[in-house]
Amino acid sequence: MSEIFVGIPEIKYEGSSSKNPFAFKYYDPEKVILGKKMSEHLPFAMAWWHNLCANGTDMFGRGTADKRFGASSEGTMEHAKAKVDAGIEFMKKLGIKYYCFHDVDLVPEADDINETNRRLDEITDYILEKTKGTGIKCLWGTANMFSNPRFMNGAGSTNSLDVYCFAAAQVKKAIELTVKLGGKGYVFWGGREGYETLLNTKVKFEQENIANLMRMACDYGRSIGFNGTFLIEPKPKEPMKHQYDYDAATAIGFLKEYGLDKDFKMNIEANHATLAGHTFQHELRISRINGMLGSIDANQGDVMLGWDTDCFPSNVYDTTLAMYEIVKNGGLPVGINFDSKNRRPSNTYEDMFHAFILGMDSFALGLIKAAEIIEDGRIEKNIEDKYSSFNSELGKKVREGKATLEELAGRASELKAPSDPGSGKQEYLEGVLNNIIIANN
Ligand code: XUL
Ligand code: CO
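Here's what I pulled together on the structure shown here. Small disclaimer: the values here were computed from a predicted structure and weren't measured.

Quick look at the pattern of salt bridges now. For the coordinates displayed, the defined rule picks out 29 salt bridges. The partner of Lys12 in a salt bridge is Glu10, and the shortest N-O contact between them spans 3.7 Å. Across the pair Arg118 and Glu115 runs a salt bridge, and its minimum N-O distance is 3.0 Å. One end of the pair, Arg118, and the other, Glu115, are both in helix α5 (residues 113–131), 3 residues apart, so they sit about a helical turn from each other. A residue is classified by how much of its surface remains accessible, and Arg118, at 41% relative accessible area, is partly exposed. Given the relative accessible area of 25%, Glu115 is considered partly exposed. Connected via shared salt-bridge partners are Lys81, Glu115, Arg118, Arg119 and Glu122.

This is the structure:
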């Protein structure tokens, strides 16, 4: 197999003073942080769709990047195989061990699902053959149930039983492929699971059907030996006006309502969090405290734009606070998928590498800084102090759910007037965060 990314070397760690555009400045896979290697803290994955399929096409113009990778034409099995070759060379050069895929990222979809499935079998055989001995594996798989026009009214939420069966068939096949490729997770992102208007929608009916599809997916997955994590990836809107899995809190409530919370966790995407009016850290925290932080889709939005821009992560404040949540979670059961794409004018092979170097370095620096927040202790101590009144006898009773309203009212009556709860010290704490992030890089 001939080299595709000719002239681009293996990307190595050279340290923060390096000016080499093809070197990591912070990501040092062997470096031990909080007792674990960086590469273990950061199980990075490449998204097949953005990196190997998306060519910069947008609503206003054709693609700007050539993603044929040497194949004579697009949309063929020859092209599908060229994407495998390119993807493996790309991951090897960056030291990335995982990839994520939708079924139709891997092969062109045929008119007949039986033929699509045959192509999927062929391409996954090819992936297994080409990744043999490399240590490269699937992080998670999923079914694309939003691009084909048949899914215009939803997949699990569709009004059409035939379309529902089609969705079920795609989920079944995608779980089989995930198992075949050694995947740790299986994702449901509810792209068209939502509605535009209640004038034509039965919300409860649709949500029950989605839950039933997820239940069937769990039962089938477990029956064929999938012991990884099922994931919901919340997003509030886009493409639908109202998406059912609005944010982590909504998705967790849905899973609990339908008894799916033992099999599912959250796959939190940064740009989806900001579309929901939350920070990335908020979504990670809500998932973590509910024992449901499973995986992340690493990217960032653009503060000036209100849509899912899927930019590569560069904001080290955000990656630091994200890595803080991940470290506090004891790591991620699944991993860190760069659901990020190059900007349309960044259309060269070099740009593909620069984007991943940026993303991986941003998370590596975030990890270093998160560890410093923990070791420094000022922020965590302040939080402990803030709630310390609950360490009293009465406070403990409240915490244990053993206090009564009469008792608390008695204490209030003794106090006569409420005491000052104490300063939140936000500006001081923001200064501490600056001090940690800016110092000693
Ligand atoms: C869309 C999105 C998806 C999911 C997988 O916004 O994030 O690519 O990650 O379907
Ligand atoms: Co995503």
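Below, the discussion takes up the coordination of the cobalt ion (ligand 2). Listed as protein donors to the cobalt ion (ligand 2) are Glu233 (OE), Glu269 (OE), Asp297 (OD) and Asp339 (OD); their distances from the metal cover 2.0 to 2.1 Å. Seen from the cobalt ion (ligand 2), its 6 donor atoms lie at angles of 82 to 172 degrees, and the figure they make is octahedral. Mapped onto the sequence, the residues coordinating the cobalt ion (ligand 2) show the spacing E-x35-E-x27-D-x41-D. One end of the pair, Asp297, is in strand β13 (residues 293–297); the other, Asp339, is in the loop between β14 (336–338) and α12 (349–376), with 42 residues separating them in the sequence.

As a further point, take the packing of helix α11 (residues 316–328) against α12. Direction vectors running N to C along α11 and α12 enclose 60 degrees, while the axes themselves pass 7 Å from each other. In terms of orientation, α11 and α12 fall into the oblique class. α11 and α12 meet at a crossing whose hand is right-handed. Taken together, the residues of α12 that come into contact with α11 (itself represented by Val316, Thr319, Thr320, Met323, Tyr324, Val327 and Lys328) are Ser362, Phe363, Leu365, Gly366, Leu367, Lys369, Ala370, Ile373 and Ile374. When grouped by side-chain class, the residues that make up the contact of α11 with α12 number 10 nonpolar, 4 polar and 2 charged.

Another aspect to go through is the site of ligand 1. Trp49, His102, Trp140, Trp189, Glu233, Lys235, Glu269, His272, Asp297, Asp308 and Asp339 make up every residue found near ligand 1. At 3.4 Å from an oxygen atom of ligand 1 is found a side-chain nitrogen or oxygen belonging to Trp49. In this structure, Glu233 approaches ligand 1 through a side-chain N or O atom, which is 2.7 Å from an oxygen atom. Relative to its free-state accessible area of 290 Å², ligand 1 is covered by the protein chains to the extent of 92%. By residue class, the composition of the shell around ligand 1 is 3 nonpolar, 2 polar and 6 charged.

The next subject is the nonpolar core. Counting 107 residues, the largest nonpolar core has Leu42, Leu94, Tyr99 and Phe363 as its most contacted members. A total of 14 residues in this core trace back to one element, the largest contributor, which is α12. Domain assignment of the residues forming this core places at least three in each of domain 1 (12–375) and domain 2 (379–438). Those residues in contact with Leu94 that sit more than four places away from it in its chain are Ile11, Phe24, Phe353, Phe356, Ile357 and Met360. The next biggest cluster of nonpolar side chains, apart from the first, holds 10 residues, and it includes Ala47, Tyr98, Cys100 and Leu231.

Our next topic: the sheet that holds β13. Strand order in the closed barrel made by the 8 strands is β5-β6-β7-β8-β10-β12-β13-β14, with parallel pairing throughout. The sheet shows a mean angle of 30 degrees between the axes of neighbouring strands, taken without regard to direction. Two elements, strand β6 (residues 98–102) and strand β7 (residues 137–142), share 5 bridges in a ladder whose sense is parallel. Residue pairing for β7: Cys100 is matched across the bridge by Trp140.

For the rest of this paragraph, the subject is the packing of aromatic side chains. By the definition in use, this model includes 24 aromatic pairs. Ring centres of Phe5 and Phe69 lie 6.1 Å apart, and the angle between their planes is 65 degrees; on these two criteria the pair is classed as edge-to-face. Placement of the pair is Phe5 in the segment before β1 (12–13) and Phe69 in the loop between α2 (48–53) and α3 (77–94), with a sequence separation of 64 residues. Both residues of the pair, Phe5 and Phe69, count as buried. Summarising the aromatic geometry, the rings of Tyr27 and Phe44 are spaced 5.3 Å apart at their centres and angled 65 degrees between planes, so their arrangement reads as edge-to-face. On the criterion of sequence distance, the pair formed by Tyr27 in the loop between β2 (23–24) and β3 (32–33) and Phe44 in strand β5 (residues 44–47) is long-range, its members being 17 residues apart. Assessed through its relative accessible area of 3%, Phe44 is described here as buried. An aromatic cluster is defined as three or more aromatic residues linked by ring pairs; in this entry it consists of Phe5, Phe24, Tyr27, Phe44, Phe69, Phe90, Phe312, Phe338, Tyr349, Phe353, Phe356 and Phe363.

To continue, consider α12. The end-to-end C-alpha separation of α12 is 40 Å, in line with the 40 Å expected for 28 residues at 1.5 Å each. The distance from a side-chain oxygen at the start of α12 to the backbone nitrogen of Glu350 is 3.3 Å, and the residue carrying that oxygen is Thr348.

Axis separation between helix α13 (residues 378–386) and helix α16 (residues 426–438) bottoms out at 10 Å; the angle between their running directions is 160 degrees. As summarised for this structure, α13 and α16 are arranged roughly antiparallel, according to the angle between their axes. Where α13 crosses over α16, the handedness of that crossing is left-handed. Note on element contacts: α16 touches α13 through Tyr428, Leu429, Val432, Leu433, Asn435 and Ile436, opposite Arg378, Ile379 and Asn382. Residues of the contact of α13 with α16, tallied by class, amount to 6 nonpolar, 2 polar and 1 charged.

Reading the values: rules and limits
Numbering of residues begins from 1 in every chain and follows the order in which that chain's sequence is written. Going through the entries in the order they are written, you letter the chains from A and number the ligands from 1. Reporting in this predicted model follows two pLDDT cut-offs: at least 70 for local features of residues, and 80 or more for side-chain atom pairs to be given and counted; totals over whole chains, interfaces and linings ignore these cut-offs and use all residues. Only heavy atoms go into the side-chain values, all of them from the structure, while hydrogens and water stay out. Salt bridges are defined as contacts in which a side-chain nitrogen from Lys or Arg sits within 4 Å of a carboxyl oxygen from Asp or Glu. Helix numbering and strand numbering both begin at the N terminus, where a helix is a DSSP run of H or I of at least 4 residues and a strand a DSSP run of E of at least 2. Exposure is judged per residue with a 1.4 Å probe applied to protein chains only, and the accessible area is read against the type maximum: over 50% gives exposed, under 20% gives buried, and values in between give partly exposed. The rule for donors is simple: an N, O or S atom within 2.8 Å of the metal counts, and for Na, K and Ca the reach is 3.2 Å. Water is not among the atoms, so a site may look short of donors. Key to geometry: four donors with every angle between 85 and 135 degrees are tetrahedral; four donors are square planar and six octahedral where opposite donors lie over 155 degrees apart and all remaining angles lie between 65 and 115; all other sites are irregular. To define axes, lines are fitted to C-alpha atoms, for helices over the stretch in contact only, and angles between the resulting N-to-C directions are given on a 0 to 180 degree scale. When describing relative orientation, an angle under 35 degrees is termed roughly parallel and one over 145 degrees roughly antiparallel, while 65 to 115 degrees is termed roughly perpendicular and anything else oblique. Crossing handedness is read from the near helix: turned anticlockwise from the far helix by less than a right angle, it gives a left-handed crossing, and turned clockwise, a right-handed one. Residues count as neighbours in contact if any of their non-hydrogen atoms are within 4.5 Å of one another. Here the nonpolar group is Ala, Val, Leu, Ile, Met, Phe, Trp, Tyr, Cys and Pro; Asp, Glu, Lys and Arg are the charged ones; every other residue, Gly included, is treated as polar. It suffices for a single heavy atom of a residue to lie within 4 Å of a molecule or strand for the residue to be listed as near it. In protein, a polar contact requires one atom able to donate a hydrogen and another able to accept it; more generally it is a pair of N or O atoms within 3.5 Å, and residues adjacent in sequence count only if both atoms are side-chain atoms. Computed with a 1.4 Å probe, the accessible areas rest on the Shrake-Rupley method; for each residue, only the protein chains presented here act as cover. Residues grouped as a nonpolar core are buried Ala, Val, Leu, Ile, Met, Phe, Trp, Tyr and Cys residues, joined through side-chain atoms within 4.5 Å. Each domain's extent was defined by an automatic or database domain assignment. If DSSP finds at least two bridges between two strands, the strands pair. Stacked, tilted and edge-to-face are the three classes applied to pairs of Phe, Tyr and Trp rings, where Trp contributes its six-membered ring and a pair requires centres within 6.5 Å; stacked means planes under 30 degrees apart, edge-to-face means over 60, and tilted covers the rest. In this scheme, a helix's expected span is set at 1.5 Å multiplied by one less than its residue total.

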